Amino acid sequence: MKSQNSLTIGENIVVGLMLFALFLGAGNIIFPPLLGQLSGDQLVISIIGFLITGVGLPLVAVIAIAKSGGDLQSIASRVHPLFGIIFTVVIYLVIGPLFAIPRTATVSYEIGVLPFLTDSISSEKWPLVLFSILFFTVTVLFALNPTKLVDRIGKILTPILITVIGLLAIKSFITPMGEIGSPIDAYKEAPFFESFLQGYLTMDVLAALVFGIVVIHALKDKGVSDSKLLVRATIIAGVIAAIGLSIVYISLSFIGATSVDAIGIQDNGGSILALSSNILFGSFGSIILALTIASACLTTSIGLVAAASQFFEKLVPSLSYRSFVFIFSGFSALFANVGLTQLINFSVPVLLAIYPLAIVLMLLSFVDRFFNRAPIVYALALIFTSFISIFDGLKAANIIFPAVENVLGHLPLYNEGIGWLIPGIIGALIGFIIYKTKNSDSH
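Attention here is on the structure that accompanies the text. Note that the structure is a prediction, hence the values are computed from the model and not measured. (Residues numbered from 1 in each chain as written. Predicted model: local features only at pLDDT ≥ 70, side-chain atom pairs only at ≥ 80, totals over all residues. Heavy atoms only, no water.)

Looking at the side chain of Ser246
Point 1. Take Ser246: it is sitting in helix α13 (residues 227-257).
Point 2. Looking at Ser246, the relative accessible area reads 18%, which means it is buried.
Point 3. For Ser246, the residues in contact, after removing those within four places along its chain, are Leu51 and Val55. (Helix = DSSP H or I, 4+ residues; strand = E, 2+ residues; numbered from the N terminus. Buried < 20%, exposed > 50% of the residue type's maximum accessible area, 1.4 Å probe, protein only. Contact = heavy atoms within 4.5 Å.)

This is how it looks when you write it as structure tokens:
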């Protein structure tokens, strides 16, 4: 028996598996094998570093969303209501139809379809066009009924995802392709820190801020209305998803670590998985890989379309959720056809600029009771952070200001890509001092 506001163990697991499936996109599947190859016998220390930022931080982000009342905008509005709207719109557009949603189709096509096409057909544009239309038709069919999203993803697509990854992982454990070799490049000197940074660069924190609302809606649809129980259920779902992600990352990194003797060092995780699948399962391995990628990308696409549509329906009530599902899916199908490389080139500068802001917002939300949610603390922390992150984004777009670069180069951790950290802390401290000073003057 269960009360009206609590979930059974089975329901908690289903919601947790849904969140796990939403997180596990193609990028998450492709990265760990490359980490395994490059880290070699430093695999254990490397995977720990990666799990902290690739799993731990997104888990914290999901909990932050639940504690804030259910959405990113409520946290961002603590800076200023207008900032709350603008920042949330930017996050949803970048992690949605401008990049992450079309990327799900493009990655599915390039890894799950392209290897099966002849050279003459693969050089044509129409196969990607056709695949994009098919991919987003399926996305629309699932996303149109969000109340059934939990059951559909949790009970149908997630088991497929777990099965195909499990087959690859188990086979690699039983019959390893080779011995684990020596670490390469940055993994020789600082395997933990290098992996820590790579986990941060997966940008799953942004995904967590978007998926948080999907989990909240799913829990409310199942009758959970009490705010404390909502946070508790979200934490349980987050932990289940984190455990699932950790198992997948460890398994895939082991595949990569044991593959060097058989296939040599590869440029990316997609090549590692494709070649490893053929060695582990023959031609059947390619089919397994195609199913894995297609399932992972499809679940991510459905989740992102649903989350973005729910947000924009609230922002623009004159358009229905159904309308936004069609708009975002149609635009994503169109944009997917620019190709994966161009999508990444367009998005990286923007993501580098906004990702640190999302992290600072999330972390401040856990401690803002100490400064009574004073906007000055949020504002100064974000201003200091954005000054560095915007220049990081410009640098990624090959827009470099040598004089500024020389100054910023002296910041701690700047060359490692997290030079915004210390300025962000300083900004928050200055804001806290101003808050305390004003507070004491008013008394």
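There's more to say after this.
So, the pattern of salt bridges
Any two side chains of opposite charge can pair, on the condition that their charged atoms come close.
Point 1. For the structure on display, the rule yields three salt bridges.
Point 2. Notably, a salt bridge pairs Arg78 with Asp368, separated by 2.7 Å at the nearest N-O pair. One end of the pair, Arg78, is in the loop between α4 (72-76) and α5 (81-95); the other, Asp368, is in the loop between α18 (340-367) and α19 (375-396), with 290 residues separating them in the sequence.
Point 3. The buried category is assigned to Arg78, whose relative accessible area is 9%.
Point 4. Here Asp368 and Arg373 are joined by a salt bridge, their closest N and O atoms 3.4 Å apart.
Point 5. Judged by its relative accessible area of 43%, Arg373 is partly exposed. (Salt bridge = Lys/Arg side-chain N within 4 Å of Asp/Glu carboxyl O.)

Concerning the nonpolar core
Point 1. Of all hydrophobic cores here, the largest spans 133 residues; its most connected members are Leu24, Ile95 and Leu206.
Point 2. Top element by residues in this core is helix α16 (residues 283-315). It accounts for 14 residues.
Point 3. Setting aside chain neighbours within four positions, we find Leu24 in contact with Ile29, Leu161, Ile165, Leu245, Val248, Tyr249, Ala296, Thr299 and Thr300. (Core = buried A, V, L, I, M, F, W, Y, C linked by side-chain atoms within 4.5 Å.)

A word on a nonpolar patch on the surface
Point 1. A cluster of nonpolar side chains, contributed by Leu421, Ile422, Ile425, Ile426, Leu429 and Ile430, occupies part of the molecular surface with about 460 Å² of accessible area.
Point 2. The residue Leu421 is located in helix α21 (residues 421-442) in this model.
Point 3. Residue classification places Leu421 among the partly exposed residues on the basis of a relative accessible area of 32%. (Patch = residues over 30% accessible without salt bridge, like charges linked within 9 Å, V, L, I, M, F, W, Y side chains within 5 Å. Areas by Shrake-Rupley, 256 points an atom, 1.4 Å probe, with all protein chains shown as cover.)

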